[in-house]
Protein chains: 2
Amino acid sequence: MSWSKDGRGGPRGYHHGNLKEALVRAAVELIAQKGPAGFTFADAARWAGVSAAAPYRHFRDRDELIADVALRGFVMFEAALAKAWDEGRPDPGVAFERLGRAYLDFARTEGPYYSAMFEAAIPLDANPGLREAGDRAFGVLRGAAERLVSLMPTGQRPPAMMVALHIWSMAHGVASLFGRSDGGRRALPMPAEDLLEAGVLVYLQGLGLVRPHKAKDEPPPGPWSPGGAKPPGSVPPAGSRRTS
Amino acid sequence: MSWSKDGRGGPRGYHHGNLKEALVRAAVELIAQKGPAGFTFADAARWAGVSAAAPYRHFRDRDELIADVALRGFVMFEAALAKAWDEGRPDPGVAFERLGRAYLDFARTEGPYYSAMFEAAIPLDANPGLREAGDRAFGVLRGAAERLVSLMPTGQRPPAMMVALHIWSMAHGVASLFGRSDGGRRALPMPAEDLLEAGVLVYLQGLGLVRPHKAKDEPPPGPWSPGGAKPPGSVPPAGSRRTS
DNA sequence: AGCTCATGTAAGGAGCGTTAACATGGCACG
DNA sequence: CGTGCCATGTTAACGCTCCTTACATGAGCT
């Protein structure tokens, strides 16, 4: 009975049993192979092992299929970010680092979803549900920024929204320039995750949220330094994250 | 007279006279309208007012046309960045700010080129010239970062390459998330330019390169603070591309 | 005048989107 | 337990656009 849930493979009867799911998976697979603009409705049908007319029972057109992928992506994204943030435990600094890594991790491991979400040029105006899902995902980032900012003395707090937008921008920039390892991208002298982590750390130092650790406890000069953030621990450089 | 150089309009004889240029402009126009994946070779021919077979005399296929647009874009981009940087005059901090603004300005005013350069998924491996042009443009950014970094005491210098990549990432992130005001994007509480400027400033502060708001605003708080740089007419919709 | 490039015209083939008409079989309901 | 409905898929067909090539023709240059 499990074959009825498989998108491909096993024999199936006249009815597919789970075509909608299969089409979504087909879209994900095809986006992974050829980019969000590189596949067609007919392709998805073929990939799902079904005739070209079948998808019309489930999606009005190709855009609706992609929008569905993007929607699922945002839901997964929100969950991944929320899990990484974990309400700021054990402390906001550490949790924020995790958040940044989770962002990139999602972009990398769920590349096709990420593409559908941010590169497919879906008209948000026509998909209010999609916009809401995106806003919810961004809300996690924003909530984290608010928490972080609240650690600062009242007079020096930057707008949390701005901080969230900066982090989002840098994460998205890193992800889209270097995140996916498809052939055409540029080579990096370091893993994208570390690049982002270092960037976020420098940024947070700029806000005064993290000590510049100028006390130089050790040789490691800064958030950069190749071995800086490798140990499986969390975020060694930059000293204590407490910033009480 | 001039009609032989026009892409459209005026009467022309059997020979177009400048079809290659006209095709490039057509591509730019079509990318502006429908995105880098949203136009076809035949479209470009139609737009230029020639038959569908004519473009083959000038470009092997659609990809070569887009690559040409991207190549020109990189050249323009490099020039714009170099001009903004102006070899670090009057001082590297100020010049770096200009550089960031020039980046966003390019992304906004030359949106189609920017799309061709960064969102068209052109295989760089097959276009060495394109890669070189891109590297040259990035070289401006990197050179500026090197200059900036050289202001720091020797022991604390972060790798210039990393700094350049961070700035690039943030600029690209801002540009691609909020830069173009096409219908589907998200609204921002501030102009994208200011968002980027503030982000870069915070980042540079994090490096210790800029003292909290040295020559920026008068009010004390920081790079944010809504009075920063907002002449009222700074963000026109920019819907129609000039290019004609 | 003649050469050569640039462009037009024509035509074939392929793929896609879309719709209409027909087939199948799971399931609700008697 | 039988039966009929209807959601789901299939087949077939139309129209459109695109890509590509082969051949014809206009226009400038020497």
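Scroll up to find the structure this text is about.
Quick caveat: nothing in here was measured; it's all calculated off a predicted structure.

S.K.: Break down the overall build of chain A for me, with residues and values.
M.R.: Each helix and strand counted, chain A has eight helices and zero strands in total. Listing every helix and strand of chain A by position from the N terminus yields α-α-α-α-α-α-α-α. Within chain A, residue pairs in contact and separated by at least 24 positions form 62% of the contacts whose partners lie at least 6 positions apart. About 11,300 Å² of surface is accessible on chain A, with carbon and sulfur atoms providing 55% of the total.

S.K.: Residues and numbers for helix α3 (residues 62-85) of chain A, please.
M.R.: Each α-helix winds once per 3.6 residues, and so residues spaced three or four apart point in a common direction. Residue and element names in this part refer to chain A. An ideal rise of 1.5 Å per residue puts 34 Å on 24 residues; α3 measures up with 34 Å between its terminal C-alpha atoms. When we look at burial in α3, the residues that qualify are L65, I66, A67, D68, V69, A70, G73, F74, F77, L81, A84 and W85. Looking at the buried residues of α3, the elements they touch are α1 (19-34), α2 (41-48), α4 (92-109), α5 (111-118) and α6 (128-149). The opening residue of α3 is D61, an N-cap whose side-chain oxygen sits 3.2 Å from the backbone nitrogen of D63.

S.K.: Now, about the relation of the copies chain A and chain B: what can you tell me, with residues and values included?
M.R.: Its rotation angle being 180°, the transformation that places chain A on chain B also includes 0.0 Å of axial translation and leaves an RMSD of 0.1 Å. Here the transformation between the copies is reduced to the relation of a two-fold axis. Mapped onto chain B, 98% of the interface residues of chain A are again interface residues, and the two copies thus contact each other with one and the same surface.

S.K.: Can you explain the environment of A:R108? Please cite residues and give values.
M.R.: Residue and element names in this part refer to chain A. The residue R108 is located in helix α4 in this model. Through-space distance from the C-alpha of R108 to that of G179 is 6.0 Å; in sequence the pair is 71 residues apart. In this view, R108 contacts F178, G179, A192 and E193; residues no more than four positions away in its chain are not counted.

S.K.: Please provide a residue-by-residue account of the environment of B:G129, values included.
M.R.: Residue and element names in this part refer to chain B. Inspection of the secondary structure assignment puts G129 in helix α6 (residues 128-149). With relative accessibility at 38%, the residue G129 sits in the partly exposed group. Separated by 61 residues in sequence, G129 and D68 have C-alpha atoms that sit 10.0 Å apart.

About the thresholds
Residues numbered from 1 in each chain as written. Chains lettered and ligands numbered in written order. Predicted model: local features only at pLDDT ≥ 70, side-chain atom pairs only at ≥ 80, totals over all residues. Heavy atoms only, no water. Helix = DSSP H or I, 4+ residues; strand = E, 2+ residues; numbered from the N terminus. Contact = heavy atoms within 4.5 Å. Areas by Shrake-Rupley, 256 points an atom, 1.4 Å probe, with all protein chains shown as cover. Expected span 1.5 Å × (residues − 1). Buried < 20%, exposed > 50% of the residue type's maximum accessible area, 1.4 Å probe, protein only. Polar contact = N/O pair within 3.5 Å; in protein donor to acceptor, adjacent residues only side chain to side chain. Least-squares fit on C-alpha atoms with pLDDT ≥ 70 in both.

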